[in-house]
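Report on the structure
Here is what each chain is made of, one letter per residue.
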Amino acid sequence: MKFLILFCVYLTTTAPSHSQEWNLKRNTNNIKVYTRELDSTKFNEYKAVLIARTSIKKALETIVDADNLKKWNYKTPQSKLVKKISDSEFVFWMENDLPWPISNRDHVSSINVSQPEANTYKIAIKPADSNYVEKEKNIIRMDNFEGYWLIKDIGKDSVEITQQMYGDPKGTIPSWLVNSILVTFPYHSFENLKEILEN
């Protein structure tokens, strides 16, 4: 979820229209990662799904703990809570470590937590006002992304956690590189998240 996972970390997405079908790219350790092409952009969208032995409360608290996202969100050297607007609305900031010689990315995210049905939480993610956090000279700020987390209690002391994200990294980063990490980054982020939630 590195640069996206932002993109980490936070899910019905309103990515560019005319999406293609989801393609399962990895299915290991109760973690599934899918990608799909979007007709209106060269950058793909991803969806990751995890089954974890944990409580819905612990999953929700972990995912909205902005200051500690860097502990499990893959290739995220820095993360922090910028502002708590209410018990269900937050502003997060994250830096994403991309492979050299590509510049790191960061983004300021608006996070909104809702409960669409019993035993289900949705965490919607979209760009927040970039002025909340001063931009660093050598980091490119992303401002075109959208997605969500969905956390469902599925019984037997387990939850299903889904993250779906689309994002444009901006700058001169080749689309093939972005699309190639849309499996690796979410998968490793979910590996780390699963370890925290189950221990």
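Residues numbered from 1 in each chain as written. Predicted model: local features only at pLDDT ≥ 70, side-chain atom pairs only at ≥ 80, totals over all residues. Heavy atoms only, no water.

Soluble globular proteins tend to pack their nonpolar side chains together in the buried interior. Core analysis: the biggest nonpolar cluster contains 34 residues, and Ile123, Trp149, Ile151, Ile161 and Leu193 have the highest contact counts within it. For this core, the element with the highest residue contribution is helix α2 (residues 175-197), accounting for 6 residues. Listed in part, the 10 residues of the second largest apolar core include Phe43, Tyr166, Ile173 and Leu177. (Core = buried A, V, L, I, M, F, W, Y, C linked by side-chain atoms within 4.5 Å. Buried < 20%, exposed > 50% of the residue type's maximum accessible area, 1.4 Å probe, protein only. Helix = DSSP H or I, 4+ residues; strand = E, 2+ residues; numbered from the N terminus.)

Looking now at the pairing of strand β2 (residues 31-36). When you tally the buried positions in β2, you get 5 out of 6 residues, the bulk of the element. Inspection of the sheet shows strand β1 (residues 23-28) paired to β2 by 5 bridges, in the antiparallel sense. Following the sheet pairing, Asn27 is matched in β2 by Lys32. Adjacent in sequence and paired antiparallel, β1 and β2 are bridged by 2 residues, among which Asn29 carries a positive phi angle near 60 degrees. (Pairing = 2+ DSSP bridges.)

Tallied over the entire structure, the rule returns 4 aromatic pairs. Relative to Phe185, the ring of Tyr74 has its centre 5.0 Å away and its plane inclined at 80 degrees; by these criteria the two rings are edge-to-face. Placement of Tyr74 in the loop between α1 (56-63) and β4 (78-86) and of Phe185 in helix α2 is noted, with a sequence separation of 111 residues between them. Overall, the relative accessible area of 23% leaves Tyr74 in the partly exposed class. When the ring centre of Tyr34 is taken as origin, the NZ or CZ atom of Lys47, which lies over that ring, is 5.1 Å away. A cation over an aromatic ring shows up here: Lys122 above the ring of Tyr148, its NZ or CZ 5.2 Å from the ring centre. (Phe/Tyr/Trp six-rings, centres within 6.5 Å; stacked < 30°, edge-to-face > 60°. Lys NZ or Arg CZ within 6 Å of the ring centre and 35° of its normal.)

Along the chain, Lys194 turns up in helix α2. You can call Lys194 buried: its relative accessible area is 7%.

Taking burial as the measure, the 11 residues of strand β10 (residues 158-168) include 9 buried ones, the bulk of the element. The pairing of strand β9 (residues 144-155) with β10 spans 11 bridges and is antiparallel. Paired with Leu150 across the strands is Thr162, a residue of β10. Here β9 hands over to β10 after 2 residues, with Lys156 in that stretch at a positive phi of 55 degrees.

Along the polypeptide, Lys47 turns up in strand β3 (residues 45-52). No salt bridge is formed by the buried Lys47; the nearest opposite charge belongs to Glu45, separated by 8.8 Å. Those residues in contact with Lys47 that lie beyond four places of it in its chain are Trp22, Lys32, Val33, Tyr34, Thr162, Gln163 and Gln164. (Lys, Arg positive; Asp, Glu negative; His and termini not counted. Salt bridge = Lys/Arg side-chain N within 4 Å of Asp/Glu carboxyl O. Contact = heavy atoms within 4.5 Å.)

Here we take up the pattern of salt bridges. Following the criterion strictly, the structure yields 7 salt bridges and no others. Arg141 serves as the salt-bridge partner of Asp106, at 2.8 Å between the closest nitrogen and oxygen. With Asp106 in strand β6 (residues 105-117) and Arg141 in strand β8 (residues 140-141), this pair connects stretches of sequence that are 35 residues apart. Owing to a relative accessible area of 6%, Arg141 belongs among the buried residues under this scheme. Residues participating in the shared-partner salt-bridge network are Arg53, Lys194 and Glu198.

Function cannot be inferred from these measures alone, as they are strictly geometric.
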